[in-house]
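Descriptive structure summary
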Amino acid sequence: MTTVIKNGTIVTADLTYKADVKIDGGKIVEIGPNLSGDEVLDATGCFIMPGGIDPHTHLEMPFMGTYSSDDFESGTRAALAGGTTMVVDFALPSPGQSLLEALTMWDNKSTRANCDYSFHMAITWWGEQVFNEMKTIVQDKGINTFKHFMAYKGALMVNDDEMFASFQRCAELGALPLVHAENGDVVASLSAKLLSEGNNGPEAHAYSRPAEVEGEATNRAIMIADMAGCPVYIVHTSCEQAHEAIRRARQKGIRAYGEPLIQHLTLDETEYFNKDWDHAARRVMSPPFRNKQHQDSLWAGLASGSLQVVATDHCAFTTAQKRFGVGDFTKIPNGTGGLEDRMPMLWTYGVNTGRLTMNEFVAVTSTNIAKILNIYPKKGAILVGADADLVVWDPKRSKTISSKTQQSAIDYNVFEGKEVTGLPRYTLTRGVVAVEEDTIKTRSGHGEFVRREPVTAVSKALSTWKEITAPRKVERTGIPASGV
Ligand SMILES: NC(=O)NCCC(=O)O
Ligand SMILES: [Zn+2]
Ligand SMILES: [Zn+2]
């Protein structure tokens, strides 16, 4: 059966034009005027865009003594409801655990996914086994990204020597390291001091993670990657200090990428000063929300290209779970939701305000990350042969965000009450209509794992340059006798 999307305007990362899109077998098979098919979807007044890709989610993640509450079913349903057609989650081995064993656990969780997905593998410890398994992960399992946490001391955190060793391995394998960049030692020390002074509420979470903590770690991660000869991707870039480190590195020709979250772009630190403990705790995440100056910096980075991707870090905990931290902010599970809201919020606060063009919107929600992860143009493109992961975007549809109508399993929404204008009329996952306005027709199990091959153009260029500029022994004749 063929499907044709008619009467719309195609918007990609670099083009805007009127054409119909024909789909067969889950792929785009034709783009042009006056196409016909068995099923017709009307896109009058709408933009046809590549479906969003969210490269940063934590679905059913074991963390801080509990599990994040959205699993692959509710999480990907939320994604599709908001126009996102692919998520990339993190397989997290416990310290000492085999990477392959962790991957099997995540494979089992993802069987109920409603849209396509992939995994990043986390490096939470270091040893010969990890070194060896990284090759299998890349070459056999189709995963070309490894995540490193510089924070969460005593749990997920890795030290500089471990990071350098892992980054060098990434360079050999054509893989991309991802980094959660916060100085975990300083955070641990500031947290202990705040608690000892009786500062135990959710606002102390923000005090314990000032922008300098992130800026220092971002710069360190980039320098370590440069020495290892690999590109680096900094997740949840939240402040000017971290953005500045990325910007400066890029100006020097270093391949560093930055990923602001929709939460950091649109919500600020005043949330933590709310008198309602639950309100503040629900917004506890790392890095914390910042002030308006930091937000302006992030928006400017997206427009100018020094930051490339907008993600969510969707890691949703219920109010009851957040209350584990009453009396001790370090026990509040870190994380917020956003999968359903990323695209409408970014359109509303980005495109509708003139901070982003429509093409920049597509670039930062889909195409740039597809290229970085080496899945373009299968994903992130409207081209013949690409997967028909598409969103028919109605720029006039509005709603007020509310936890009462959301797909996420949790009992609140950090964007509660925000008015958004710009919503999907249809979301298609590999050609199947999963969302038609307010009607959700998702199919659990429809989602497929997306393999990502190693050696992206960037990795190859960097390893070539590293080899050319590698230290070489100077061969000498007539070496004088030892002076002893
Ligand atoms: N970001 C956050 O607070 N929670 C999820 C885990 C992480 O990405 O650090
Ligand atoms: Zn993180
Ligand atoms: Zn995360």
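Residues numbered from 1 in each chain as written. Chains lettered and ligands numbered in written order. Predicted model: local features only at pLDDT ≥ 70, side-chain atom pairs only at ≥ 80, totals over all residues. Heavy atoms only, no water.

Inclusion rule: UniProt positions are given in the numbering used here, feature names are shortened, and annotations may be inferred rather than shown by experiment.
As annotated in an unreviewed UniProt entry, the protein carries the name Dihydropyrimidinase and comes from Rhizobium mesosinicum. A UniProt comment under Sequence similarities (unreviewed entry) is attached to the protein, and it reads "Belongs to the metallo-dependent hydrolases superfamily. Hydantoinase/dihydropyrimidinase family." What the UniProt record of the protein gives under Cofactor (unreviewed entry) is the line "Zn(2+)".

1. Some details on the coordination of the zinc ion (ligand 2)
Quick reminder of the rule: Coordinating donors are taken as N, O and S atoms within 2.8 Å of the metal, stretched to 3.2 Å for Na, K and Ca; because water is absent from the atoms, sites can appear incomplete. Only two sets of limits are used to name each site, 85 to 135 degrees for every angle of a tetrahedral four-donor site, and over 155 degrees for opposite donors with all other angles from 65 to 115 for a square planar four-donor or octahedral six-donor site, with any other site named irregular. Strands here mean DSSP runs of E at least two residues long; helices mean DSSP runs of H or I at least four residues long; both are numbered from the N terminus. Exposed residues in this analysis have more than 50% of their type's maximum accessible area, buried residues have under 20%, and partly exposed residues fall in between, with area computed by a 1.4 Å probe over protein chains only.
In this structure, H180 (ND1) and H236 (NE2) serve as the protein donors to the zinc ion (ligand 2), at separations of 2.1 Å. Each of the four donor atoms bound to the zinc ion (ligand 2) contributes to angles spanning 57 to 150°, and the resulting shape is irregular. Separating the zinc ion (ligand 2) and the zinc ion (ligand 3) is a distance of 3.7 Å. Separated by 56 residues along the polypeptide, H180 in strand β14 (residues 176–180) and H236 in the loop between β15 (232–234) and α8 (240–251) bring together distant segments of the chain. A relative accessible area of 2% places H236 in the buried class.

2. So, the coordination of the zinc ion (ligand 3)
With distances of 2.0 to 2.2 Å, the protein atoms coordinating the zinc ion (ligand 3) are H56 (NE2), H58 (NE2) and D313 (OD). Given four donor atoms and angles of 83 to 136° at the metal, the environment of the zinc ion (ligand 3) is assigned as irregular. Spacing between the donor residues of the zinc ion (ligand 3) along the chain follows H-x1-H-x254-D.

3. Considering the site of ligand 1
Short version of the rule: If a single non-hydrogen atom of a residue is within 4 Å of a molecule or strand, that residue counts as near it. As used in this structure description, the phrase polar contact means that two N or O atoms lie within 3.5 Å; if the pair is within protein, one of them must be able to donate a hydrogen and the other to accept it, and residues adjacent in sequence are counted only when both atoms belong to side chains. Each accessible area is a Shrake-Rupley estimate made with a 1.4 Å probe; only the visible protein chains count as cover when residues are assessed. Residues are grouped as follows: Ala, Val, Leu, Ile, Met, Phe, Trp, Tyr, Cys and Pro are nonpolar; Asp, Glu, Lys and Arg are charged; all remaining types, including Gly, are polar.
Close to ligand 1 lie H56, H58, Y152, H180, H236, M285, S286, D313, C315, N334 and G335, which account for all nearby residues. Contact between ligand 1 and Y152: an oxygen atom at 2.6 Å from a side-chain N or O atom of the residue. Relative to its unbound accessible area of 260 Å², ligand 1 is 100% covered by the protein chains. Taken together, the residues that form the shell around ligand 1 break down as three nonpolar, seven polar and one charged.

4. What about the UniProt feature "domain: Amidohydrolase-related" (unreviewed entry) in the protein?
With numbering matched to this structure, UniProt assigns "domain: Amidohydrolase-related" (unreviewed entry) to residues 47–419. Taken end to end, residues 47–419 is 40% helix and 15% strand, and its two terminal C-alpha atoms sit 20 Å from one another.

5. Considering the sheet that holds strand β13 (residues 145–149)
We apply this condition: What makes two strands pair is DSSP finding at least two bridges between them. Only C-alpha atoms enter the line fits that serve as axes; for helices the fit covers just the stretch in contact. Angles between N-to-C directions range over 0 to 180 degrees.
Pairing is parallel in the open sheet, where seven strands are placed in the order β8-β11-β12-β13-β14-β15-β16. On the outer flanks of this sheet lie β8 (52–57) and β16 (256–258), each paired with one strand and no other. On average, adjacent strands in this sheet sit at an angle of 30° to one another, irrespective of strand direction. Of the pairings in the sheet, the one linking strand β12 (residues 116–122) to β13 comprises two bridges and is parallel in character. In the strand pairing of β13, M121 is matched with F146.

6. A few points about the side chain of T237
What counts here: The contact definition used throughout considers only heavy atoms, calling two residues in contact when any of these lie within 4.5 Å.
Checked against the element boundaries, T237 lands in the loop between β15 and α8. By relative accessible area, T237 is classed as buried at 0%. In terms of polar contacts, T237 uses its side chain to reach the backbone carbonyl oxygen of I234, at 3.4 Å. Not counting residues within four places of it along the chain, the set of residues in contact with T237 comprises E214, A242, H243, I246, G258, E259, P260, L298 and L307.

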